[in-house]
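# Structural overview for review
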Amino acid sequence: ASMVGRGMAGSALAVTFDVGQTLTELDCDLLSDRLASRGVQVSAASLELALPTAWELYDAACAHTAHPWHLLMSEILRRSDAQLSAGELGDEVEWLWTQQPVHNLWRRPIAGMIEVVRAVAAAGTKVAIISNSEGRLRQLIEELGWQDDFLCIADSGLLGVAKPDPEIFRWTGRKLDVDPANFVHIGDSWSADVQGVLGVGGRAIWFGGASIAPSPPANAYAGDTLRLCRSAPELRLALQAFGVPL
């Protein structure tokens with residue numbers, strides 16, 4: 001049975017998920033293969049090693065730039081074993097960006113996460129996606145076979161507004177008929193996800209279960225509006241602590 005149908009239980013609560021680095025992560029094998037098709041030799045292992053620092057820069061940039069994808073990919077390639085001049089690097093990043101709508105690189109499912117989504121929905125809570133993406137996120141979700149698991153997909157590339165802007169949370173709230181102050185939002189970006197949902201009065205779960213997740217700020221703490229977790233089992237506990245049935 002469709003999880004969308006089960007999620008229409010009229011709950012005053014909604015659980016919303018980021019996608020990249022929360023439900024899925026960067027597929028470095030695919031990225032290596034895509035670049036090889038252009039004659040650029042770069043190992044998947046070196047791409048993996050480049051990710052943590054690149055992602056920290058991306059996360060910091062999210063505070064003042066909507067979805068700084070080019071910055072992230074440039075840093076990944078610059079720190080990898082790809083032998084590219086500055087001009088070549090720029091060309092490859094731009095090509096990867098144009099290819100992203102049809103060859104989305106963030107497609108490796110993170111262990112156990114879609115099962116958490118389905119458990120939340122099956123228990124009667126409305127579930128949605130709020131993601132800073134390129135405008136074709138729904139197509140990726142369909143490719144992964146997850147189209148029946150979410151009542152709503154807020155894709156910043158289509159809406160023209162990105163986290164942490166309150167409007168993307170309000171748009172989702174209107175679609176779900178749930179006040180964003182009753183959202184529990186799960187995501188990896190401190191600036192976009194955590195500060196975004198806290199800014200509309202909701203609650204946040206910072207998720208660090210992806211291979212390249214940055215650490216939360218030193219002043220992060222678990223309280224009435226925030227939990228920290230690094231795996232799907234820990235996420236289940238965090239949701240239960242917020243009163244979300246599973």
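The structure presented is a predicted model; accordingly, all values stated were derived computationally and were not measured.

## Examining the packing of helix α3 (residues 44-61) against helix α4 (residues 69-79)
Contact geometry of α3 with α4 gives a least axis separation of 8 Å together with a crossing angle of 150 degrees. Considered as vectors, α3 and α4 are oriented roughly antiparallel to each other. The hand of the α3/α4 crossing is right-handed. Between α3 and α4, the residues in contact are L47, A50, L51, T53, A54, W55, L57, Y58 and A61 and W69, L71, L72, E75, I76, L77 and R79, respectively.

## Quick word on the packing of helix α2 (residues 28-36) against α3
Relative orientation of the contacting elements α2 and α3 amounts to 120 degrees, with a least axis distance of 8 Å. The angle between α2 and α3 falls in the class oblique. In this structure, α2 meets α3 at a crossing whose hand is right-handed. Taken together, the residues of α3 that come into contact with α2 (itself represented by C28, D29, L31 and S32) are A44, L47, E48 and L51. Split into classes, the residues belonging to the contact of α2 with α3 amount to five nonpolar, one polar and two charged.

## Some thoughts on the side chain of N104
Take N104: it is sitting in the loop between α5 (86-99) and β3 (108-109). Classification of N104 as buried rests on a relative accessible area of 7%. Polar side-chain contacts of N104 include one of 2.8 Å to the backbone nitrogen of W106. Sequence-distant contacts of N104, that is, excluding residues within four places in its chain, are made with L30, E134 and L140.

## Describing the confidence of the model for the protein
Averaged over all residues, the pLDDT of the protein equals 89, while 90% of them reach at least 70. Here residues 1-10 scores under 50 on pLDDT; set against residues more than four positions off or in separate chains, the count is 21 contacts.

## Examining the pattern of salt bridges
Under the counting rule described, the total for this entry stands at 11 salt bridges. Between E75 and R79 there is a salt bridge; the shortest N-O distance is 3.0 Å. You can see E75 and its partner R79 sitting in helix α4, four residues apart, about one turn around the helix. For E75, a relative accessible area of 14% gives the class buried. Residue R79 is classed as partly exposed on the basis of its relative accessible area of 43%. One salt bridge in this structure joins R118 and D149, with 3.0 Å as the shortest N-O distance. Of the two residues, R118 sits in helix α6 (residues 113-122) while D149 sits in the loop between α7 (137-143) and β5 (152-155), which places them 31 residues apart along the sequence.

## What about the sheet that holds strand β4 (residues 126-131)?
Taking strand neighbours across the sheet as the criterion, the six strands line up as β5-β4-β1-β6-β7-β8 in an open arrangement whose pairing is parallel. Single-partner strands in this sheet number two, and they are β5 and β8 (226-229). Sheet twist, expressed as the mean angle between neighbouring strand axes with direction ignored, is 20 degrees. In this sheet, β8 lies alongside strand β7 (residues 203-207) in parallel orientation, the contact comprising four bridges. Among the inter-strand pairings, I205 is bridged to a residue of β8, identified as R227.

## Let's talk about the nonpolar core
Residues F17, F150, I205, L235 and L239 are the most contacted members of the largest nonpolar core, which totals 31 residues. It is α6 that provides the largest number of residues to this core, a total of six residues. Core analysis: the next-biggest nonpolar cluster, separate from the first, contains 28 residues, L26, Y58, L89 and W106 among them.

Conventions and cut-offs
- Residues numbered from 1 in each chain as written.
- Predicted model: local features only at pLDDT ≥ 70, side-chain atom pairs only at ≥ 80, totals over all residues.
- Heavy atoms only, no water.
- Axes fitted to C-alpha atoms, helices over the stretch in contact; angles between N-to-C directions.
- Helix = DSSP H or I, 4+ residues; strand = E, 2+ residues; numbered from the N terminus.
- Parallel < 35°, antiparallel > 145°, perpendicular 65-115°, else oblique.
- Left-handed = near helix turned anticlockwise from the far one by under 90°.
- Contact = heavy atoms within 4.5 Å.
- Nonpolar A, V, L, I, M, F, W, Y, C, P; charged D, E, K, R; others polar.
- Buried < 20%, exposed > 50% of the residue type's maximum accessible area, 1.4 Å probe, protein only.
- Polar contact = N/O pair within 3.5 Å; in protein donor to acceptor, adjacent residues only side chain to side chain.
- pLDDT = per-residue confidence, 0-100.
- Salt bridge = Lys/Arg side-chain N within 4 Å of Asp/Glu carboxyl O.
- Pairing = 2+ DSSP bridges.
- Core = buried A, V, L, I, M, F, W, Y, C linked by side-chain atoms within 4.5 Å.

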